[in-house]
Amino acid sequence: MTATAVICGAVAWAQPKLSADNIDEVLKAMTLEEKATLVVGGRGNSVPGAAGATQAIPRLGIPGTVLADGPAGLRISPTRQGDSQTYYCTGFPVGTVLACTWNTELVEQLTTAMGQEVHEYGVDVLLAPGMNLHRNPLCGRNFEYFSEDPLLSGKISAAYVKGIQKNDVGVSVKHFAGNDQEINRSENDARIGQRALRELYLKNFEITIREAKPWTIMSSYNKINGTYTQQSHDLLTGFLRDEWGYQGIVMTDWGNKAGTVNAVHAGNDLMEPGAASETQRIVEAVNNGTLDVADLDRNVRRMLEYIVKTPNFKGYKYSNKPDLDGHARMVRESAPEGMVLLKNNGNLPMEAKGNIALFGLSAYKSIAGGTGSGNVNKPYIRNISEGLEGAGFTLDSRLADFYAKHRDYVASQSALGMGGGRNVMLGEAVLPEVAINQAAIQSCAQRNDAAVIVIGRNAGEGDDRRMVDDFELTDIERSLIRDVCNEFHKAGKKVTVVMNIGGVIETASWKSQPDAILLAWTPGQEVGNSVADILTGKSNPSGKLSMTFPLSYLDIPSSQNFPYTGQQARQQQGGFGGFGGGRGGQQNAGTRNIDYTTYAEGIWVGYRYFNTAGVEVSYPFGYGLSYTTFEYSKPTVKAKDGGFEATITVKNTGKVAGKEAVEIYVSAPGGGLVKPESELKAFGKTRLLQPGESQTLTFKADAYTLASFNEEASEWQTAAGKYTVKFGASATDIRATATFSGKAKSWKVEKLLLPQQPIQEIAVR
Ligand code: BGC
């Protein structure tokens, strides 16, 4: 459509109005200033509380579009001035819980619901999923992310993206890439060798992009091998578009870096949240010839292609009334699929009656999700105490009263800035645990039938977790578990520990004490009900770990190359945290793990390391118990597409209905590149199987999925020879194996984003 502008009574110029089929025409009609405006975000047209927007150019029929966080639900302001309606969003399970379901179908169902909220609240893009790899358990944002394994992370993420985008809204897959620590996140240089970069840190993004075609990608704050990711042509054009065929836009993470012009050239299409100085830099650079206008035009075209897909462009009349009740029910019912039963001496499930002594502040102020931009303004959080009461238990009222009073006291101290939990950005800090004396515990053991202890942890954007008093239990928590177990066991009564945490903690030193341990994670707003459903057997847990629980933090190969470890752990308790996770005004001092981080562990992350090096762990990758048992049949495996196709039948041999995730690990033939003992190459999950019922699962992996990266040849290579396919209930519990014979195949690729100096990597094999 072409309209004609009339200025002072005279016809000035022909003005096309944007439509899906006149993008070239609109691009031609844009002034340099308008082009620069379109690639720099702005605040206008935003849904209150949305993190960002793109700017409108009404003259050309270009509307603004709205971008909001992500990833555990939509984050917008729940209330608006002068408006009695509320705009709460469902607090869904965090990313880690989704990955621990090992159920791509379920993830897609949940994010289809989440995407409905995005659509019905007038937002165009959800800034999610977060999918950096769990390189180290102390990363403050691991809860938003999925796994230590790139295949699990990539497949879960692809399902996440498909669910959201089914609603005709987009996602922004983040943070691309190497944003694996929060300390000094905006300046840290992640120094990563080519093989680890390609096999681990980019692989999950590659899978998502190829399989789910996200509308947008968010480039991270940090550098990789000396270049800011936002300004890396290798990353944003070389890998993303030339190698993987990505068609959507790239936006920066939220900050204004001086190198705007480099970012435009690199293929970073949108600067968020946007500043006038960025527009100015672009205009000046085109005018003085340091930026080729063709680069800008390329990005503007991609922006226009994005805009014509959005609900705001299409004039969608959103209702502001998503199905919050229906979504709450989904959250309650699905969270148990991502909760992991770590130990059960037979006391679970419990009959939903009797008196429970419920210990731990997080039982009375439970944690639904993490802090920072990953926090969702949800209508409520169902506490574990409420969930247990609702299920039919009677809670020890003296204990409950004590904790409620203590909770209010600590919260009031915290509000006065007098301690009471570490300061966090958006969302609430976890309140520090309170000591309970042994005499009180003894009398609790007399008057109750069983004990439940809740251990709480939270973290979020802008800071990483600590080894001391965070990864490890605090002295108060240690004594609480010990004393409660001693007193209740003396009285012949059972103890269950529930971990309401966002990231891995140490378990080896205390796990022998309680009778059962449930890793509930931070599973969304229905946390209390989901936990109660599992404890009472209404739900059968079927989550399995998407990461390893090591014996000790220092067993992790990256532990010496991460902030806050060893000596640094004690010296830096103050940290470089805060909003931007910056250095608190200090100059770049070339400090290891702060200004730069060397990924010296190479590909030896998580189970790849522990299994190959034969290092004992507390709970292995892929581990999780059920209230029922499963039998794996003899499998079939045949060579196909240069890879394989496999089947196995899983039978529920126990007494209650349940689901089982089956993990396919592959050991490659020897002789070529050094490889991990085995790697996850496929997985699947049964439907709910009734006792005695069976289901046959089929798995596929093609030649490219089996390939490893040869740095010298700059080539993906699939080795010829005998492959062993292992059907695991966890990475160390292999129930069946079969072999097939593979052919050699290779894919030559460009050398991209190479380290500036060779990285000294550890050797494991
Ligand atoms: C975070 C992003 C988030 C953005 C907008 C940034 O600080 O790193 O994950 O999407 O803020 O809130």
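Residues numbered from 1 in each chain as written. Predicted model: local features only at pLDDT ≥ 70, side-chain atom pairs only at ≥ 80, totals over all residues. Heavy atoms only, no water.

> Break down the pattern of salt bridges for me, citing the residues and quoting the values.
Counted under the stated rule, the structure contains 45 salt bridges. Of the charged contacts, one joins E337 and K659 as a salt bridge, the two residues approaching to 2.4 Å between their closest N and O atoms. Taken together, the residues span a long stretch of sequence, with E337 in the loop between helix 13 (324–334) and strand 12 (340–344) and K659 in the loop between strand 23 (643–652) and strand 24 (661–667) at a distance of 322 residues. For E337, a relative accessible area of 8% puts it in the buried group. One salt-bridge network, held together by shared partners, links R141, E144, E182, R185 and E461. (Salt bridge = Lys/Arg side-chain N within 4 Å of Asp/Glu carboxyl O. Helix = DSSP H or I, 4+ residues; strand = E, 2+ residues; numbered from the N terminus. Buried < 20%, exposed > 50% of the residue type's maximum accessible area, 1.4 Å probe, protein only.)

> Any details on the site of the ligand? Residues and values, ideally.
By nearness alone, 14 residues border the ligand, and D69, H175, Y221, D253 and E461 come closest of all. Contact distances for the ligand include 2.7 Å between an oxygen atom and a side-chain N or O atom of D253. The contact in question runs from an oxygen atom of the ligand to an N or O atom on the side chain of E461, over 2.4 Å. The fraction of the free accessible surface of the ligand (310 Å²) that becomes covered by protein chains is 96%. Classifying every residue of the shell around the ligand by side-chain character gives five nonpolar, two polar and seven charged. (Near = heavy atom within 4 Å. Polar contact = N/O pair within 3.5 Å; in protein donor to acceptor, adjacent residues only side chain to side chain. Areas by Shrake-Rupley, 256 points an atom, 1.4 Å probe, with all protein chains shown as cover. Nonpolar A, V, L, I, M, F, W, Y, C, P; charged D, E, K, R; others polar.)

> Requested: an account of the nonpolar core, with residues and values cited.
Nonpolar side chains tend to gather and get buried jointly when the protein is soluble and globular. Residues F176, F359, M499, W521 and L545 are the most contacted members of the largest nonpolar core, which totals 155 residues. Element by element, the count of residues in this core is highest for helix 5 (residues 150–165), at eight residues. Aside from chain neighbours lying at most four places away, what touches F176 is L202, F205, I217, M218, S219, S220, T229, L235, L236, L240 and W244. Ranked by size, the runner-up nonpolar core spans 40 residues in total, among them L127, M218, Y221 and W254. (Core = buried A, V, L, I, M, F, W, Y, C linked by side-chain atoms within 4.5 Å. Contact = heavy atoms within 4.5 Å.)

> How would you sum up the domain arrangement of the protein? Please name residues and give values.
Each assigned domain of the protein is listed here: domain 1 (17–314), domain 2 (335–547) and domain 3 (628–748). The C-alpha-based centres of domain 2 and domain 3 are spaced at 36 Å. With four residues of domain 2 at the interface, the matching set in domain 3 holds 11 residues. Taken together, the two surfaces of domain 2 and domain 3 that pack against each other cover about 520 Å², and 31% of this comes from carbon and sulfur. On the domain 2 side of the interface with domain 3, the three residues burying the most area are E337, N540 and K544, jointly 81% of the side's total. Remark: the boundary between domain 2 and domain 3 carries four salt bridges. With a closest N to O distance of 2.8 Å, E337 and K685 form a salt bridge. Where domain 2 meets domain 3, there are seven residue pairs in polar contact (both at pLDDT 80 or more). In terms of residue class, the side of domain 2 that touches domain 3 is built from no nonpolar, two polar and two charged. (Domains from an automatic or database assignment. Buried area = accessible area lost by both parts, 1.4 Å probe.)

> A description of the environment of S220 should follow, citing residues and the corresponding values.
Within the secondary structure, S220 sits in the loop between strand 8 (216–219) and strand 9 (223–224). Overall, S220 belongs to the buried group, its relative accessible area being 0%. Residues in contact with S220, not counting those within four places in the same chain, are H175, F176, A177, N179, T229, Q230 and D253. Engagement of the side chain of S220 in a polar contact is seen with the side chain of T229, the distance being 2.9 Å.

> Now, about unusual backbone geometry: what can you tell me, with residues and values included?
Here the amide bond leading from D69 into G70 is cis, since omega sits at -15 degrees, within 30 degrees of zero. Considering the arrangement of structural elements, one finds G70 in the loop between strand 4 (65–69) and helix 3 (95–101). For the bond from A128 to P129, the omega torsion is 0 degrees, close enough to zero to count as cis. Its place among the elements puts P129 in the loop between strand 5 (125–127) and helix 5. Although it is not a glycine, D168 adopts a positive phi angle of roughly 65 degrees.

> For the sheet that holds strand 12, give the residues involved together with the corresponding values.
Taking strand neighbours across the sheet as the criterion, the six strands line up as 12-17-16-15-13-14 in an open arrangement whose pairing is mixed. A single partner strand is all that each edge strand has here, and the edge strands are strand 12 and strand 14 (394–395). In the sheet, strand 15 (residues 450–456) pairs with strand 16 (residues 494–500) via seven bridges, with the strands oriented parallel. Residue pairing in the sheet places G456 in a bridge with N500 of strand 16. Sheet contacts for helix 20 (residues 527–535): strand 15, strand 16 and strand 17 (516–519); angle to strand 16, the most-contacted strand, approximately 145 degrees. (Pairing = 2+ DSSP bridges. Axes fitted to C-alpha atoms, helices over the stretch in contact; angles between N-to-C directions.)

> Account for the packing of helix 15 (residues 384–391) against helix 20, naming residues and giving values.
Put simply, helix 15 and helix 20 touch, their axes get as near as 7 Å, and they point 50 degrees apart. Our classification of the angle between helix 15 and helix 20 gives oblique. Crossing handedness for the pair helix 15 and helix 20: right-handed. Between helix 15, through I384, G387, L388 and A391, and helix 20, the contact on the second element is made entirely by V527, G528, N529, V531, A532 and L535. The residue makeup of the contact of helix 15 with helix 20, split by class, is seven nonpolar, three polar and no charged. (Parallel < 35°, antiparallel > 145°, perpendicular 65-115°, else oblique. Left-handed = near helix turned anticlockwise from the far one by under 90°.)

> Lay out the sheet that holds strand 24 with the relevant residues and their values.
The sheet built from four strands is open, its strands ordered 25-24-29-30 with antiparallel pairing. Looking at strand neighbours, the two that pair on one side only are strand 25 (679–685) and strand 30 (733–742), the edges of this open sheet. For this sheet the average axis-to-axis angle between neighbouring strands, irrespective of direction, equals 25 degrees. As judged from the nine bridges shared by strand 29 (residues 721–730) and strand 30, these two strands associate in the antiparallel manner. Considered in strand 30, the bridge of S730 is made with D733.

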